[in-house]
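# Observations on the three-dimensional arrangement
So you can see what is in the structure, the chains are spelled out below.
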Number of protein chains: 2
Amino acid sequence: MPRGRPRAMGAAALLLLLLLLGFLLFGWDLGCERHKQGGRAGAPGCFPGPLMPRVPPDGRLRRAAALDGDPGAGPGDHNRSNCGPPPPRPSKCELLHVAIVCAGHNSSRDVITLVKSMLFYRKNPLHLHLVTDAVARNILEMLFHTWMVPAVRVSFYNAEELKSQVSWIPNKHYSGLYGLMKLVLPSALPAELAHVIVLDTDVTFASDISELWALFAHFSDTQAIGLVENQSDWYLGNLWKNHRPWPALGRGFNTGVILLRLDRLRQAGWEQMWRLTARRELLTLPATSLADQDIFNAVIKEHPGLVQPLPCVWNVQLSDHTLAERCYSAASDLKVIHWNSPKKLQVKNKHVEFFRNLYLTFLEYDGNLLRRELFGCPSQPPPGAEQLQQALAQLDEEDPCFEFRQQQLTVHRVHVTFLPHEPPPPRPHDVTLVAQLSMDRLQMLEALCRHWPGPMSLALYLTDAEAQQFLRFIEASPVLAARQDVAYHVVYREGPLYPVNQLRNVALAQALTPYVFLSDIDFLPAYSLYDYLRASIEQLGLGSQRKAALVVPAFETLHYRFSFPHSKVELLALLDVGALYTFRYHEWPRGHAPTDYARWREAQAPYRVQWAADYEPYVVVPRDCPRYDPRFVGFGWNKVAHIVELDAQEYELLVLPEAFTIHLPHAPSLDISRFRSSPTYRDCLRALKDEFHQDLSRHHGAAALKYLRALQQPQSPARG
Amino acid sequence: MPRGRPRAMGAAALLLLLLLLGFLLFGWDLGCERHKQGGRAGAPGCFPGPLMPRVPPDGRLRRAAALDGDPGAGPGDHNRSNCGPPPPRPSKCELLHVAIVCAGHNSSRDVITLVKSMLFYRKNPLHLHLVTDAVARNILEMLFHTWMVPAVRVSFYNAEELKSQVSWIPNKHYSGLYGLMKLVLPSALPAELAHVIVLDTDVTFASDISELWALFAHFSDTQAIGLVENQSDWYLGNLWKNHRPWPALGRGFNTGVILLRLDRLRQAGWEQMWRLTARRELLTLPATSLADQDIFNAVIKEHPGLVQPLPCVWNVQLSDHTLAERCYSAASDLKVIHWNSPKKLQVKNKHVEFFRNLYLTFLEYDGNLLRRELFGCPSQPPPGAEQLQQALAQLDEEDPCFEFRQQQLTVHRVHVTFLPHEPPPPRPHDVTLVAQLSMDRLQMLEALCRHWPGPMSLALYLTDAEAQQFLRFIEASPVLAARQDVAYHVVYREGPLYPVNQLRNVALAQALTPYVFLSDIDFLPAYSLYDYLRASIEQLGLGSQRKAALVVPAFETLHYRFSFPHSKVELLALLDVGALYTFRYHEWPRGHAPTDYARWREAQAPYRVQWAADYEPYVVVPRDCPRYDPRFVGFGWNKVAHIVELDAQEYELLVLPEAFTIHLPHAPSLDISRFRSSPTYRDCLRALKDEFHQDLSRHHGAAALKYLRALQQPQSPARG
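Conventions and cut-offs
- Residues numbered from 1 in each chain as written.
- Chains lettered and ligands numbered in written order.
- Predicted model: local features only at pLDDT ≥ 70, side-chain atom pairs only at ≥ 80, totals over all residues.
- Heavy atoms only, no water.
- Helix = DSSP H or I, 4+ residues; strand = E, 2+ residues; numbered from the N terminus.
- Buried < 20%, exposed > 50% of the residue type's maximum accessible area, 1.4 Å probe, protein only.
- Contact = heavy atoms within 4.5 Å.
- Disulfide = S-S within 2.5 Å.
- Pairing = 2+ DSSP bridges.
- Domains from an automatic or database assignment.
- Salt bridge = Lys/Arg side-chain N within 4 Å of Asp/Glu carboxyl O.
- Axes fitted to C-alpha atoms, helices over the stretch in contact; angles between N-to-C directions.
- Parallel < 35°, antiparallel > 145°, perpendicular 65-115°, else oblique.
- Nonpolar A, V, L, I, M, F, W, Y, C, P; charged D, E, K, R; others polar.
- Phe/Tyr/Trp six-rings, centres within 6.5 Å; stacked < 30°, edge-to-face > 60°.
- Lys NZ or Arg CZ within 6 Å of the ring centre and 35° of its normal.
- Expected span 1.5 Å × (residues − 1).
- Polar contact = N/O pair within 3.5 Å; in protein donor to acceptor, adjacent residues only side chain to side chain.

## Some remarks on the overall build of chain A
Counting secondary structure elements, chain A contains 24 helices and 23 strands. Here chain A holds 720 residues, and the buried ones make up 62% of them. Across chain A, the fraction of contacts at a sequence separation of at least 24, relative to all contacts at a separation of at least 6, is 80%.

Set out below in structure tokens:
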């Protein structure tokens, strides 16, 4: 019976009575008219009971919430009237709470897909309670911060601190220790939180979560845990000879989707309850096989009054030998699907194509589209969103540089360490290669990995769908899959201009070594460069004694097929026969002229060079170097401005005599070619440069005069 | 009042009575409990009336279906009880009929987005009735044929044949003559069709169409047209001085979404009715301003009993000064949105971001995912789907070439002439350049257009989202946007291997000139080639007198920057200084050796050459030439097999002395690089070649022996 204020209860009671009268007079058939073939006319008042999926069209009235007809086997009394009252929905703007335990890189990706599916259908404000390890927190905190979804609040809880509470339980399940943490949520979540939906990371929503939340209203006064029955025979204990599962009621319950009345569990002494049960069972059982699920089931077997069975459509379990098919009769019945096989999407069952499509929908769904306002529900805007809206509103749409200014303000969703990543061990002179790319440069990655054996931090500018293509690309490459020291950070595409410096800053911020080599993706460094740089950093006392940027001289080949030089001697020979050139020798020698290639030919030791206008060398600097100026979007002046900033902050420019890097030819990227021919493009770039110099003067005063003077010289064309 | 069989009617009446009693006892407030803040408990039996959106949470009970409080201004009596009976839904597997008028390339793209939104939410089988011009039919017939969506039937009706019925009406609306065709649907659609939902191409679904269909049940015995009131003041006639719209009830109705009882309209003499009204109004009004909508409204003003007003959420109209905001109070209210401004997505209104997101969701949605089975509803599989399923089921997953075989069988969705296209005028010796590409070669298009001034037929292998990027790319390029003779055919991506020959066949099948130049996207033809080929075809009497393939000798540059030769003399000079090479001179001279470049240097007239193993020249052939063998997916032997087939069918190979085409260097595409290194790749390619030769022997008998013998020679590596 629904609980509510007295007046509503009285009303509900009377209405129920009246409805009952209707049933007595017209029989069961009445209310179910509309389920029948051709019954478009239908009768009012008929809704599938909240605890039962709809009756299949063939009229078979079967017990659908429990998996078979044996009343002894299935737990709970969920075989209520099929035409009961409609499920009460939470009020329109009620805040719904969801808790998820998440650890590691792969689970973080899963959580995002789950959240996308939830957001797609949700109509209520949400508060996500994420119990995470350090890796997942790092990823998800940045993701939600940059996602800026209206009416979504996120709180983090440190899984490390909870570990000790469950680490004593021997566990054989693939979810590891983290699977067990659902047990301690009543104490880990805030004391004032009374209701929460707990989800595994491998579930996908196919409906509005408020419908699930509404099932709390069906709990009796003592029920505290809402669960769906298991759709496999595991707990029946007859899968193989001597198969001895943990105790459970019948098939037991699956803990992929849980409705928790935290208040009641706390009152009932849940902490002690599950510990006692677990300790006792572990006297005879060696370990949990299914993590928290074993313990939940053992507790429920002892205290069956705690559990409210939920309709099976709220946790359609897609394991290999699933009985889930008995649960749903049509696609419209599905509410939540649960990829609870270790095979995940490779699992086989009759409708797996359908389920996979649903999952892929959200996997590849453009998360930017979920930033849509939850209008009708007033809510606190996400941090930073209001200022952003104001700044965007102040832009002049008639300004020819409007697109540039809009792009500069865009906050891109950022998913750092998209793939498993092992941070490099702390070494005082280690260097991370930093670069950025989009889909059309993925082919560079293998070669880059062969040339640079050290850590890399790469920002990738991708759509959600491209991120999945990227994932498959890495998995298909033995070279790339083997590298755990390359961190890939996905920055999601938004807007027409390539945010080159924002991408560089993301990659730079995620570098974990004391030094960084600021490179571009179409360059291959000398095979020896990684070792040589570390040795040079140590010898020169970079960072601690000297504030310097080490210049790596840049060359280029115009040949598509090209044999990479193994030494400076080989490089010079190629240069002499015209198989190599200094970088942009033909079109734009100013960009690297200060490197002084003639001197470099002969140099035996690092030598200092002076900044000059338009200088844009590739440099090695301490990780705490100035960031790139994010105002430069599209292609032009983005590196030049960074070198100006380094010079203004008095970094010495030291050219390394044995270092080199070579640019490979490629067709211009789409992002470049779209704008190179634009007539307003150069004007806008000039405006950006002017503003950059104004800011420079503000920060550095008279010292910035030399850059302004340099600007008076013939203008440089728009370049990258 | 809902209509149904007598028993259901009696039941409904009694239940209404009982509900009324409830209201009398507990007041209006009772049933709406659940809409209130925090009212999770709620009272059973409360549903928003089908003809009214929900009451907003602030409790303001306003007349939401009509746009303002003036009872005289809004048509219809849709201000019923807010807590009436729930809308009856069509029975689970009832077939719903939808009619759409569609003409031209751009509307065809719109229809596809509309259909995607409909399919995403639908839970019923659908029958689409498409009234199309020849262009739209060509596009949509191929699209639906290759889409193979289960439980969707499509019928086409020839708009040209209906034109005469409406062409006498002067019309100023941007939809042109096709807008008016909705008027003739009762006679144009099959006589046995009684109910149909009629949609404009610029609507987007945000809900299950069966909920809209269910509103038919609310029609009285005489009502025949379900419409939503206009959400603008147009028909009030006070927008400007002397603004004289067509007659309408109050704000009139919008015809973007119509529920038509065709049976009743036919009975009521609709044909005569609207014609009489239109003729009479045209005596004093110069033309229709809003096409069919003016006439529907004028008829309704005369026969108000025909119309059943629908809740405004079923046609939320997003024009510039829309009053739509008065209609919905929250995102959850929206059912169908209607981009009924000529500005479409550029329109401005308060929630346009939200609406745009919804639209973009479906615009970029992977249509392949909508192929999901409508399980629970038995339905005739789409043509070819069963054979395809069987063939796929017969594949052996353990076969190392499984991916190849699966890819060969894949039926890709094909959207021909994705962009507006003007077929070339019929000219007896005209040649179309045929090629295929994916996203990473878009940059080639501008240069190609400069080199080839004639018609082109290009197949693009894209995702749905990439197709939109492609669209923006074309729009942003003045060179490309100006070319109406380039036909772009989108083949939607599916599977891991690039279906190169399937793409070539799509482009080839869509070429409309008598001859085709079978090229590749990374080649630029000589500037004069188009003219020269047409002259050569004429001179040689190709096609009519001679069965020949004209060979265009292929060269390559290894330089990324390169000045294209303007004549054969210039080309030979570049060849002599090593700035150019014959194509794949270094790695695979066999591919083009039979062209005999030495002879070509001196040749003044076309000369015949003999086929040899691995020959893969670029050729000009009649359009009815053999198709490419679709078994070759990925990269390797795909062109070679085609030349074998030409030779087997006794095409003469004639090298043209002044023709040339030059390959530009580029990084290997993702699709290539993914498989080049694969160890099983070569084995599978060998297996494919063997099967190809077996088929060749079957078709050509002893004549095919020479190809088998050639195969005994040292194997060629896997190449493109």
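That covers the picture; the talk isn't over yet.
## Things to note about the state of the cysteines
All names here are of chain A. Within the structure shown, the criterion is met by six disulfides over all chains. Shown here is the disulfide that connects Cys312 with Cys327, its sulfur atoms set 2.1 Å apart. Note on the Cys312 and Cys327 pair: the S-S dihedral is about 105°, so by sign convention the disulfide is right-handed. On the criterion of sequence distance, the pair formed by Cys312 in the loop between strand S8 (307–309) and strand S9 (316–317) and Cys327 in the loop between S9 and strand S10 (336–338) is long-range, its members being 15 residues apart. The same class applies to Cys312 as to Cys327, namely buried.

## Focus: the sheet that holds strand S13 (residues 456–462) of chain A
Residue and element names in this part refer to chain A. Pairing is mixed across the open sheet formed by nine strands, whose spatial order is S11-S14-S13-S12-S15-S21-S17-S22-S20. Unpaired on one side and paired on the other, strand S11 (414–415) and strand S20 (607–609) mark the two borders of the sheet. Across four bridges, the pairing between strand S15 (residues 515–518) and strand S21 (residues 618–622) is antiparallel. Residue pairing for S21: Tyr515 is matched across the bridge by Pro622.

## Here's the deal with the side chain of B:Ser519
Tracing the backbone shows B:Ser519 in the loop between strand S15 (515–518) and strand S16 (523–525). The contact partners of B:Ser519, leaving out residues within four places of it in the chain, are B:Leu433, B:Val434, B:Ala435 and B:Tyr618.

## Looking at the pairing of S15(A)
Residues and elements named next belong to chain A. Of the two faces of S15, the one carrying Tyr515 and Phe517 and the one carrying Val516 and Leu518 are both buried. Note: strand S12 (residues 431–438) against S15, four bridges, orientation parallel. Each bridged residue has a counterpart across the sheet, and for Val434 the counterpart in S15 is Leu518.

## Focus on the domain arrangement of chain A
Residue and element names in this part refer to chain A. Partitioning chain A into structural domains gives domain 1 (96–370) and domain 2 (414–712). Distance from the C-alpha centre of domain 1 to the C-alpha centre of domain 2: 44 Å. In this complex, domain 1 contributes 16 residues to the contact, which on the side of domain 2 involves 16 residues. Where domain 1 meets domain 2, there are one salt bridge.

## Focus on the pattern of salt bridges
Tallied over the full model, the rule gives 63 salt bridges over all chains. With its nearest N and O atoms 2.8 Å apart, the salt bridge here joins B:Arg483 to B:Asp485. Assessed through its relative accessible area of 15%, B:Arg483 is described here as buried. Each of A:Lys116, A:Asp366, A:Arg413 and A:Asp464 takes part in one network of salt bridges that share partners.

## Things to note about the sheet that holds strand S7 (residues 253–261) of chain B
All names here are of chain B. Pairing in this open sheet of seven strands is mixed, and the strands run S3-S2-S1-S4-S7-S6-S8 from one edge to the other. Lying at the two open borders of the sheet, with one neighbouring strand each, are strand S3 (152–158) and strand S8 (307–309). Mean inter-strand twist for the sheet, computed between neighbouring axes without regard to direction, equals 25°. Contacts between helix H3 (residues 134–147) and the sheet are confined to strand S1 (96–102), strand S2 (126–132) and S3, with S2 contributing the most and set at about 155° to the helix.

## Comments concerning the environment of A:Pro423
Residues and elements named next belong to chain A. Looking at where Pro423 falls in the secondary structure, it is placed in the loop between S11 and S12. What makes Pro423 partly exposed here is its relative accessible area of 46%. C-alpha of Pro423 to C-alpha of Ala511: the two residues are 88 residues apart in sequence and 9.2 Å apart in space.

## Some points on the packing of helix H13 (residues 402–409) of chain A against helix H23 (residues 679–700) of chain A
Axis angle and axis distance: for two packed helices, these are the angle between their axes and the distance between the axes, and together they describe the pair. Residues and elements named next belong to chain A. Relative orientation of the contacting elements H13 and H23 amounts to 50°, with a least axis distance of 9 Å. Considered as vectors, H13 and H23 are oriented oblique to each other. Facing Phe404, Arg405 and Gln408 of H13, the residues of H23 in contact are Tyr681, Cys684, Ala687, Leu688 and Glu691. Class assignment for the residues of the contact of H13 with H23 results in five nonpolar, one polar and two charged.

## Details of the packing of aromatic side chains
In this structure the tally under the stated criterion is 64 aromatic pairs over all chains. Between B:Tyr498 and B:Phe635, the aromatic rings sit 5.5 Å apart at their centres with planes inclined by 15°, giving stacked as the arrangement. Placement of B:Tyr498 in the loop between strand S14 (486–492) and helix H17 (500–509) and of B:Phe635 in the loop between strand S21 (618–622) and helix H21 (638–648) is noted, with a sequence separation of 137 residues between them. Members of the aromatic cluster, joined through ring pairs, are A:Phe120, A:Tyr121, A:Phe362, A:Tyr365, B:Phe120, B:Tyr121, B:Phe362 and B:Tyr365. For the cation-ring pair, A:Arg372 lies above A:Phe120, with the distance from its terminal atom to the ring centre recorded as 5.4 Å. When the ring centre of A:Tyr530 is taken as reference, the NZ or CZ atom of A:Arg534 above it lies at 4.0 Å.

## A look at unusual backbone geometry
All names here are of chain B. The phi angle at Ala291 is positive, at roughly 55°, despite the residue not being glycine. With respect to the helices and strands, Ala291 occurs in the loop between helix H9 (270–281) and helix H10 (292–302). Overall, Ala291 belongs to the buried group, its relative accessible area being 0%. Even without being a glycine, Asp614 presents a positive backbone phi close to 70°. By the element assignment, Asp614 lies in the loop between strand S20 (607–609) and S21. Accessibility expressed as a relative area gives 8% for Asp614, which makes it buried.

## Focus on the pairing of strand S4 (residues 195–199) of chain B
All names here are of chain B. Burial within S4 is extensive, with five of its five residues counted as buried. Bridge count between S1 and S4: three bridges; the pairing is parallel. Among the inter-strand pairings, Val98 is bridged to a residue of S4, identified as Ile197. The pairing of S4 with S7 spans five bridges and is antiparallel. Following the sheet pairing, Leu199 is matched in S7 by Val257.

## Brief notes about helix H15 (residues 464–476) of chain B
The terminal C-alpha atoms of H15(B), which comprises 13 residues, lie 19 Å apart, in line with the 18 Å expected from a rise of 1.5 Å per residue. When H15(B) is considered as a whole, its buried residues turn out to be B:Asp464, B:Glu466, B:Ala467, B:Gln468, B:Gln469, B:Phe470, B:Leu471, B:Phe473 and B:Ile474.

## Regarding the environment of B:Glu160
All names here are of chain B. By the secondary structure assignment, Glu160 is in helix H4 (residues 159–166). For Glu160, a relative accessible area of 36% corresponds to the partly exposed category. Those residues in contact with Glu160 that lie beyond four places of it in its chain are Asp133, Ala134 and Tyr178. Within the structure, Glu160 has its side chain in polar contact with the side chain of Tyr178 (distance 3.5 Å).

## Considering H17(B)
Burial within H17(B) is extensive, with nine of its ten residues counted as buried. When we look at burial in H17(B), the residues that qualify are B:Val500, B:Asn501, B:Gln502, B:Leu503, B:Arg504, B:Asn505, B:Val506, B:Ala507 and B:Leu508.

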